[in-house]
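If you want the building blocks of each chain, they are given just below.
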Amino acid sequence: MTPRLKGFLLAALSLILLCAAALGIPAAVAGDVHALGWAAIGACIAAIIAPVAVLIFGVPAHLALQRAGKRSLRAYLWTGFGISTCLGILGAVTLPESAARGLIQIFEIAVVLVAGPLSSAVFWGIARPDRAINPKQASPA
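Residues numbered from 1 in each chain as written. Predicted model: local features only at pLDDT ≥ 70, side-chain atom pairs only at ≥ 80, totals over all residues. Heavy atoms only, no water.

Caption draft 1: Representation of the overall build of the protein chain within the structure. Counting its secondary structure elements, the protein chain contains four helices and zero strands. Counted from the first residue to the last, the protein chain has its helices and strands arranged as α-α-α-α. Dimensions along the principal axes, computed over C-alpha positions, put the protein chain at roughly 60 × 30 × 20 Å. Residues classed as buried in the protein chain amount to 29% of the 141 residues present. Sequence-distant contacts in the protein chain: of pairs separated by 6 or more residues, those separated by 24 or more amount to 68%. Accessible surface, the protein chain: about 9100 Å² in total, of which carbon and sulfur atoms supply 74%. Between the averaged position of the 10 positive side-chain charges in the protein chain and that of its 4 negative side-chain charges there is a distance of 26 Å. (Helix = DSSP H or I, 4+ residues; strand = E, 2+ residues; numbered from the N terminus. Buried < 20%, exposed > 50% of the residue type's maximum accessible area, 1.4 Å probe, protein only. Contact = heavy atoms within 4.5 Å. Areas by Shrake-Rupley, 256 points an atom, 1.4 Å probe, with all protein chains shown as cover. Lys, Arg positive; Asp, Glu negative; His and termini not counted. Charge placed at Lys NZ, Arg CZ, Asp CG, Glu CD.)

Given below as structure tokens:
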């Protein structure tokens, strides 16, 4: 398995774990006896959404960064934050009139704002595009 593919898979897994924690930890803090159930629901929902998000946003962002010659962690973090900020703005534009649903959506926006930089940092840590060998520099052996 190539480091790039492994990076994409672990980036999706980090999103799944983030969603599980985002639902499980508040439930546990509130004293809900079903906190693990809430975490499992978060993980199941994210297991459907995270791979799609990585394919739609992560892969094109990585290819664009590679094409631009940007390989630093800072570039990947800013790109992940930029993508998550755009998604957060889209979520904020569609805030519902209901106060309860609005609070839930604000919480979702907060999770999205954390998810972009987190998944990009996980991808960068695994794939390490800053260490990519230029084919012209590779030894003939």
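Moving on, there is more to tell.
Caption draft 2: Examining the confidence of the model for the protein chain more closely. Counting all residues, the mean pLDDT for the protein chain is 90, and 93% of those residues have values of 70 or more. Mean pLDDT across the elements of the protein chain ranges from a minimum in helix H4 (residues 99-127), with 92, to a maximum in helix H2 (residues 35-68), with 95. (pLDDT = per-residue confidence, 0-100.)

Caption draft 3: Broad picture of a nonpolar patch on the surface. Among the surface-exposed residues, Val52, Leu55, Ile56, Phe57, Leu87 and Leu90 lie close enough to one another that they form a single nonpolar patch of about 550 Å² accessible area. Counting residues per element, the ones that place at least two in the nonpolar patch are H2 and helix H3 (73-93). A total of four residues in the nonpolar patch trace back to one element, the largest contributor, which is H2. Structurally, Ile56 can be placed in helix H2. (Patch = residues over 30% accessible without salt bridge, like charges linked within 9 Å, V, L, I, M, F, W, Y side chains within 5 Å. Salt bridge = Lys/Arg side-chain N within 4 Å of Asp/Glu carboxyl O.)

Caption draft 4: Expanded view of the packing of aromatic side chains. Going through the model one piece at a time under the given rule, you end up with three aromatic pairs. Among the aromatic residues, ring-to-ring pairing joins Phe8, Tyr76 and Phe123 into one connected group. (Phe/Tyr/Trp six-rings, centres within 6.5 Å; stacked < 30°, edge-to-face > 60°.)

Caption draft 5: Representation of the nonpolar core within the structure. Ranked by size, the top nonpolar core spans 18 residues in total, and within it Leu15, Ala50, Val54, Tyr76 and Phe123 carry the most contacts. Discounting residues that sit within four places of it in the chain, Ala50 has contacts with Ala12, Leu15 and Ile16. (Core = buried A, V, L, I, M, F, W, Y, C linked by side-chain atoms within 4.5 Å.)

Caption draft 6: Here's a closer look at the packing of helix H1 (residues 3-29) against H2. At a minimum axis separation of 7 Å, H1 and H2 run at an interaxial angle of 145°. As H1 runs across H2, the sense of the crossing is right-handed. Along the lines of polarity and charge, the residues of the contact of H1 with H2 split into 22 nonpolar, four polar and one charged. (Axes fitted to C-alpha atoms, helices over the stretch in contact; angles between N-to-C directions. Left-handed = near helix turned anticlockwise from the far one by under 90°. Nonpolar A, V, L, I, M, F, W, Y, C, P; charged D, E, K, R; others polar.)

Caption draft 7: Local environment of H2. The sharpest bend along H2 measures roughly 35° and falls at Ala47, with the proline Pro51 sitting one to four residues further on. Buried within H2 are the following residues: Ala35, Ala39, Gly42, Ala46, Ala50, Val54, Ala61, His62, Leu65 and Gln66. Lining the buried residues of H2 we find H1, H3 and H4. Remark: Gly69 follows H2 within two positions and exhibits a positive phi of approximately 80°. (Bend = angle between axes of the 7 residues up to and from the residue.)

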